[in-house]
Amino acid sequence: MKVAVVGVQGDVEEHIVATEKSMKNLGIQGEVLAVREPGIIPECDAIIIPGGESTTISKLISRDSIAEEIIESAREGKRIMGTCAGLIVLAKEGDEQVERTKTKLLGLLDVKVKRNAFGRQRESFQTKLQMKYVGEIDGVFIRAPLIESVGKEVEILAKFEDRIVAVKQGKILGLAFHPELSSTKVHEYFLSL
Amino acid sequence: MRFDLEKLRFGTELVKRGFAKMQKGGVIMDVTNAEQAVIAEEAGAVAVMALHKVPADIRASGGVARMADPKKIEEIMDAVTIPVMAKCRIGHIAEARALEALGVDMIDESEVLTPADTFFHIYKKNFVVPFVCGARSLGEAVRRIWEGAAMIRTKGEAGTGNVVEAVKHMRLINQAIYTLKKIPDEKIYEVAVKYASRYAELSRLVKEEMGVVLENEIVYENFTLAEIVEGINEILLEIRDLGRLPVVNFAAGGIATPADAALMMQLGADGVFVGSGIFKSSNPEKFARAIVEAVEHYDQPEVVAEVSKELGEAMKGLEVSKLAEGELLQTRGA
């Protein structure tokens, strides 16, 4: 199995390490690549868009045409996961901040996201979460977004205080928090989708 | 929004270091007003540093450099959606608390401002907001990490537009990490003792003046020197095992061109701070965008060449070796 971590900006290394450990735990042979140029994603079986700044990541993947390759991969039914900024980039609809910064969304997840929904960094936190198919995990929310609404095809996997923080649509996962900073549980689930 | 606070943990090491990790591979730009902040965001900056004056102007104007006007910082916070950082003076706990109250996303306890405390840096573990601190050597980096810094950056020599000192500090830290990997645990402990001795300077002066020696003396915050040595030793062992600092390490202090930024990334920086370089150049929009692309594609020379074309005039710059000892900012806070 070949896994691409979109590597233009953000906590790329953390996703690579978590994915490599998960592969080892599951006994999957393969490799994990940080992708900063076009031409690699079409050869991969799974794609991860990491945390970082959604404004920056969106600009860089559009300039490099990595964005089109991700959209094409979704069409082919490959598994894709976005965490925090990655969730925003995957979403169909954003909020006022997304509009104001003219951030281009890939539109692959039928959800509406709200950026910086909890506030600034001092309002960032970690907490225990129950995630469907995965179990209890430590959710690390860093200037995190929220999922305000979901389309019919979208399954809700985790809520925090009645607000949606993890979803699944086909083989696409979107998480408002950072599983790559706490354990390999979510990555193992993602690889076995 | 109100949540059950019992279940939430704010300002943990994971949350603070995690914030810094999200900045990796990015460019953090110094800005002095809302308009510049918007230019930085549009160019793809991952965060902005809100300042009263850029370091080149701080250097030129002299006098005591302090925290920026909070009103100015607020205007910048309102103008952009990306994180906003601000600088406080070394050891100035009250400026840091004011910045935290204002809601800035990260505080830079910075040598670019005039230090407020010659003995100590802020004990940053007492704060919910994460800190970034400058370092010229592994010792400085490790002390700042022990105090709770979530991000380290090279000091370089701010406001000069000359990358030579940033390169020097990155190389010194890299070579020291390499050395750590080659020596046995006992030797590492000796390094910890040496690095920690800086915290005993205040107590040494008082001992000398009073002629009194205390047992188990508290030397800094609520720690004895022995406890600090233990803490620093643990961090050194972690660095040895990881082969790198346990927090994000950015380059700063003199980065003026896309090629400078790419150079620092090649030397192992996780990202880049650009201070005076962007808004002291003749075409800030183009410059900012070029530096963002050069950091992303630091290992692709053709991209660095492409984005460096016709950028106009870079900031003029200063020859660091011609600066008098008293003009150097990097020697502040060790």
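Refer to the structure printed above.
Residues numbered from 1 in each chain as written. Chains lettered and ligands numbered in written order. Predicted model: local features only at pLDDT ≥ 70, side-chain atom pairs only at ≥ 80, totals over all residues. Heavy atoms only, no water.

Moving on, we come to the overall build of chain A. Per the secondary structure count, chain A includes six helices and 12 strands. Dimensions of chain A, computed from the C-alpha atoms along their principal axes, are close to 40 × 35 × 35 Å. Put simply, chain A has 193 residues, and 63% of those count as buried. For chain A, the share of sequence-separated contacts (at least 6 apart) that also reach a separation of at least 24 residues comes to 66%. Accessible surface computed for chain A: about 7,100 Å², of which carbon and sulfur atoms make up 45%. A distance of 3 Å separates the average location of the 27 positive side-chain charges in chain A from that of its 29 negative side-chain charges. (Helix = DSSP H or I, 4+ residues; strand = E, 2+ residues; numbered from the N terminus. Buried < 20%, exposed > 50% of the residue type's maximum accessible area, 1.4 Å probe, protein only. Contact = heavy atoms within 4.5 Å. Areas by Shrake-Rupley, 256 points an atom, 1.4 Å probe, with all protein chains shown as cover. Lys, Arg positive; Asp, Glu negative; His and termini not counted. Charge placed at Lys NZ, Arg CZ, Asp CG, Glu CD.)

What follows deals with the sheet that holds strand β7 (residues 125–131) of chain A. The three strands lie next to each other as β8(A)-β7(A)-β1(B), forming an open sheet whose pairing is antiparallel. For this open sheet the edge positions go to β8 (135–141) of chain A together with β1 (9–10) of chain B, each flanked by a neighbour on one side alone. Taken together, the two bridges between β7 of chain A and β1 of chain B define a ladder with antiparallel strand orientation. For Q126 of chain A, the partnering residue across the bridge sits in β1 of chain B and is R9 of chain B. Its contacts with the sheet put helix α1 (residues 13–21) of chain B on β7 and β8 of chain A together with β1 of chain B, and the angle it makes with β7 of chain A is roughly 95°. (Pairing = 2+ DSSP bridges. Axes fitted to C-alpha atoms, helices over the stretch in contact; angles between N-to-C directions.)

Our next topic: a negative patch on the surface. Residue and element names in this part refer to chain B. Where like charges cluster on the molecular surface, the negative patch consists of D69, E74, E75 and D78. Summarising the element assignment, E75 is placed in helix α4 (residues 70–79). Given a relative accessible area of 36%, E75 falls into the partly exposed group. (Patch = residues over 30% accessible without salt bridge, like charges linked within 9 Å, V, L, I, M, F, W, Y side chains within 5 Å. Salt bridge = Lys/Arg side-chain N within 4 Å of Asp/Glu carboxyl O.)

All right, on to the interface of chain A and chain B then. Counting residues at the interface gives 44 residues for chain A and 49 residues for chain B. The largest contributions to the chain A side of the interface with chain B come from R36, R122 and Q126 of chain A, which together make up 19% of the buried area. At the boundary of chain A and chain B, one finds eight salt bridges. For the salt bridge of R63 of chain A with E293 of chain B, the shortest nitrogen-to-oxygen distance reads 2.9 Å. The interface formed by chain A and chain B includes 26 residue pairs in polar contact (both at pLDDT 80 or more). (Buried area = accessible area lost by both parts, 1.4 Å probe. Polar contact = N/O pair within 3.5 Å; in protein donor to acceptor, adjacent residues only side chain to side chain.)

To continue, consider the packing of aromatic side chains. Overall, the coordinates contain 20 aromatic pairs over all chains when judged by the stated rule. Note on F141 of chain A and F177 of chain A: the rings are 5.5 Å apart at their centroids and 45° apart in plane angle, and the pair reads as tilted. Taken together, the residues span a long stretch of sequence, with F141 of chain A in strand β8 and F177 of chain A in the loop between β12 (172–175) and α6 (185–191) at a distance of 36 residues. A relative accessible area of 0% places F177 of chain A in the buried class. Above the plane of the ring of F127 of chain B lies R97 of chain B, whose end atom (NZ or CZ) is 3.7 Å from the centre. (Phe/Tyr/Trp six-rings, centres within 6.5 Å; stacked < 30°, edge-to-face > 60°. Lys NZ or Arg CZ within 6 Å of the ring centre and 35° of its normal.)

Consecutive side chains of a regular strand alternate in pointing toward one face of the sheet and then the other. Residue and element names in this part refer to chain B. A large share of strand β4 (residues 84–89) lies buried, amounting to six of its six residues. Sheet topology note: the β4/strand β5 (residues 106–110) ladder contains five bridges and is parallel. Across the sheet, the residue bridging to K87 is D108, located in β5.

Before going further, it helps to spend a moment on the environment of R163 of chain A. Residue and element names in this part refer to chain A. For R163, the position within the fold is in strand β11 (residues 163–169). Judged by relative accessible area, which is 32%, R163 ranks as partly exposed. Each C-alpha atom, one on R163 and one on K152, is 17 Å from the other, the two residues being 11 residues apart in sequence.

A few words now on helix α3 (residues 66–75) of chain A. Residue and element names in this part refer to chain A. All of the buried residues along α3 are I66, A67, E69, I70 and S73. Buried residues of α3 fall within an arc of 165° about the axis and therefore sit on the same side. Considering only its buried residues, α3 is in contact with β1 (2–6), β2 (31–35), β3 (46–49), α2 (54–63) and β4 (79–83). Two residues or fewer after α3 comes G77, characterised by a positive phi angle close to 80°. (Arc of directions from axis to C-beta.)

Bringing the nonpolar core into the picture now. Generally speaking, soluble globular proteins have nonpolar side chains that are buried together. Ranked by size, the top nonpolar core spans 118 residues in total, and within it I61, I70 and M131 of chain A together with M264 of chain B carry the most contacts. Residues within four places of I70 of chain A in sequence aside, it is in contact with V6, I41, I49, I61, I80, L106 and L108 of chain A. Core analysis: the second largest hydrophobic core is formed by 30 residues, V142, A149, Y199 and Y220 of chain B among them. (Core = buried A, V, L, I, M, F, W, Y, C linked by side-chain atoms within 4.5 Å.)

So, about the sheet that holds β5 of chain B. All names here are of chain B. Taken in spatial order, the eight strands make up an open sheet running β10-β7-β6-β5-β4-β3-β2-β11, and their pairing is parallel. What marks the edges here is a single partner per strand, and that holds for β10 (248–250) and β11 (272–274). In this sheet, neighbouring strand axes are inclined to one another by 30° on average, regardless of whether the strands run parallel or antiparallel. Relative to strand β7 (residues 151–154), strand β6 (residues 131–135) runs parallel, the two sharing four bridges. Along β7, the bridge assignment pairs G134 with R153.

Everything listed here is a matter of coordinates, which is why it stays silent on function.
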